[in-house]
Each structure stands twice: as C-alpha cells, then as structure tokens.
Amino acid sequence: AKADPLNVMIAGAPASGKGTQCELIKAKYGLVHISAGDLLRAEIATGTDNGKQAKEFMEKGQLVPDEIVVNMVKGRLLQPDAQEKGWLLDGYPRSYSQAMALETLGIRPDIFILLDVPDELLVERVVGRRLDPETGKIYHLKYSPPENEEIASRLTQRFDDTEEKVKLRLQTHYQNIESLVSIYEDVIVKVNGNTTVEDVFGEIEKLLTSSLDKKTEMVAS
Ligand code: AP5
C-alpha cells in the first residue's frame, strides 16, 4: 500500500514568511498550496459579493467572517488534487471556530508549522514586499530583489501592506494564535523565521522529510 500524502498547515504573524516558504515547499514536495489570503484576493479581483465584503475586513486587518472563509477553504481542500497530492494550508485556520470546522470533518494536519519572527522585523518585511502579478512570485526590495528591470517595472504592492495596517493584522494574529496552539498541540512545531529564506527552508525540509518517512514506515509495518 502507498502512504497517504502529506498534509501541512503553516501559520505565523503577517509577513513572517508563510507565502515564501510555501513556494519552496510546493516545488519540493508537490503539495497543493491553498492560501486563504490568495483565495480572498482572487474573490476581490473578480468582484464577487464575497470579495466585496471580505475587502472591508481585510482593510481593517481583521479576520474575514467564517460565513465567507470556511466554505471557500473547505471547498478547495476537498478537491481531488489536494486529496491525492496532499495539501499545504497557508493562513487557515486562524481561529478556534475555523479549526473546529475542519476537526468536525476529521481533517487534521500531519504537522503544524508556526513561523516565529520578532514583531519589530515584520513592519520592514511588509512595507518592502512586492509581488509579480505574472508569476505570483513574492519579492522584497531589500531581501529578495527582482532579478531584472523588466520584472522590477511590473511589481505591485498589496493594499493592506502599510505600517498602520500591519499593526492591526498583528493584533488580530495574537488574539487568535493561542487557541490554535491548544488544538494542534500534538503536531505543532515552532520554526525560527528570523534567518535567511534558505535557512528557514532547511529547517522545514528536515521536518517534512521526517514526517513523510514516518508515514511511509507506518504503511510498511
Ligand atoms: P494573508 O494574505 O494570509 O496575509 P498575512 O497572514 O498577513 O501574511 P502575509 O501574506 O502578509 O505574509 P507571509 O507570512 O506570507 O509572508 P511573505 O512570505 O509574503 O491574509 C491577508 C488578510 O486576509 C488577513 O489580514 C485577513 O483579513 C484575511 N484572511 C486571510 N486568511 C484568513 C482566515 N483564515 N480567516 C479570516 N480572514 C482571513 O513574506 C513577507 C516579506 O518578507 C516578503 O517581501 C518576503 O520576500 C520577505 N521575506 C520572507 N522570508 C524572509 C526571510 N527569511 N528573510 C528576509 N525577508 C523575508
């Protein structure tokens, strides 16, 4: 029999590096990356009612209500590709009720990665972040600058990436993270996010490879 695919949750303060690490995890392990923030921004971009409502909360740095987020993420998670290849949930769950919505379906991660970065670094990461609308790649003007002028000229900034808004997002993060820590106590691992992108990924790689090995051993025994 074949081992079940790996299922991973990744959490951390705004700009702690979730999206950056997810790009690398996806490339190495072939997991389906499901980012709650990206799904919401896609709703905003297509102008749906959910998107319009969500934007009001995102502008205030608050959690978008469960009525919008829970089914949106659940729907994506239950699609065949995520079930077959394994999933990488980024920025979900963010509250007790969101976690419970998955628990009642028996959906649990093999590992819950919590990226740990000191607050004072987050503002600089947020204001320097840029996105490539063509490839979706995440850049930073100082830490991960664009490879050439052509890319540099098309980079965009997120509407909630201001110093004022990141402080609100950070407050929301601290209000909710403790409830998640208690639910995922048995699978949670804190990773130091205050090193280079490569070093953070090195730590994550060790964890995921060992999780995968454990799953394979279980099937073999
Ligand atoms: P979301 O889009 O998830 O934003 P977030 O949690 O604030 O996280 P970010 O995307 O800002 O940061 P990140 O950790 O991915 O960092 P990144 O890799 O880009 O959510 C946005 C909003 O949507 C929320 O505020 C909320 O309103 C709503 N929402 C989302 N999920 C929800 C949910 N479940 N329920 C309700 N509402 C929800 O890195 C940041 C920068 O740092 C980049 O420029 C990068 O290049 C740089 N960088 C990364 N790693 C390093 C490193 N090691 N060293 C130096 N620089 C680095």
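Before reading on, note that the structure itself is shown above.
In this report, we go over the structure that sits alongside the text. Keep in mind that this is a model prediction, so the values were computed, not measured. (Residues numbered from 1 in each chain as written. Predicted model: local features only at pLDDT ≥ 70, side-chain atom pairs only at ≥ 80, totals over all residues. Heavy atoms only, no water.)

Details of helix α1 (residues 18–29)
Three- or four-residue spacings in an α-helix give side chains the same orientation, since the helix completes a turn every 3.6 residues.
Here comes step 1: Taking 1.5 Å of rise per residue, the 12 residues of α1 would be expected to cover 16 Å, and the 16 Å separating its terminal C-alpha atoms lies within 8% of that figure.
Here comes step 2: Check the buried side of α1 and you find it contacts β1 (8–12), β2 (32–35), β3 (87–90), β4 (111–116), β6 (138–140) and α10 (197–220). (Helix = DSSP H or I, 4+ residues; strand = E, 2+ residues; numbered from the N terminus. Expected span 1.5 Å × (residues − 1). Contact = heavy atoms within 4.5 Å.)

Some remarks on the site of the ligand
Here comes step 1: Among the 35 residues in the neighbourhood of the ligand, the closest are listed as Thr20, Gln62, Arg94, Arg129 and Arg169.
Here comes step 2: Here an oxygen atom of the ligand and a backbone polar atom of Ser16 are 3.2 Å apart.
Here comes step 3: Within the backbone of Val197, one N or O atom sits 3.5 Å away from a nitrogen atom of the ligand.
Here comes step 4: Protein contacts shield 96% of the accessible area of the ligand, which totals 1,000 Å² for the unbound molecule.
Here comes step 5: Considering each element in turn, the shell around the ligand owes the most residues, four residues, to helix α2 (residues 36–46).
Here comes step 6: Classifying every residue of the shell around the ligand gives 14 nonpolar, 13 polar and eight charged. (Near = heavy atom within 4 Å. Polar contact = N/O pair within 3.5 Å; in protein donor to acceptor, adjacent residues only side chain to side chain. Areas by Shrake-Rupley, 256 points an atom, 1.4 Å probe, with all protein chains shown as cover. Nonpolar A, V, L, I, M, F, W, Y, C, P; charged D, E, K, R; others polar.)

Some words on the pattern of salt bridges
When charged atoms on two side chains of opposite charge get close, those side chains can pair.
Here comes step 1: Scanning all chains against the criterion turns up 17 salt bridges.
Here comes step 2: Among the ionic pairs, Lys28 bridges to Glu205, the shortest N-O distance being 2.8 Å. On the criterion of sequence distance, the pair formed by Lys28 in helix α1 and Glu205 in helix α10 is long-range, its members being 177 residues apart.
Here comes step 3: Residue class for Glu205 comes out partly exposed when judged on its relative accessible area of 23%.
Here comes step 4: Its salt-bridge partner being Arg154, residue Asp132 comes within 2.8 Å of it at the nearest N-O pair. Taken as a pair, Asp132 in the loop between β5 (129–131) and β6 and Arg154 in helix α8 (residues 149–154) lie far apart in primary sequence, 22 residues in all.
Here comes step 5: For Arg154, a relative accessible area of 21% translates into the label partly exposed.
Here comes step 6: Linked through salt bridges whose partners overlap, the residues forming this network are Arg129, Arg158, Asp160, Asp161 and Arg169. (Salt bridge = Lys/Arg side-chain N within 4 Å of Asp/Glu carboxyl O. Buried < 20%, exposed > 50% of the residue type's maximum accessible area, 1.4 Å probe, protein only.)

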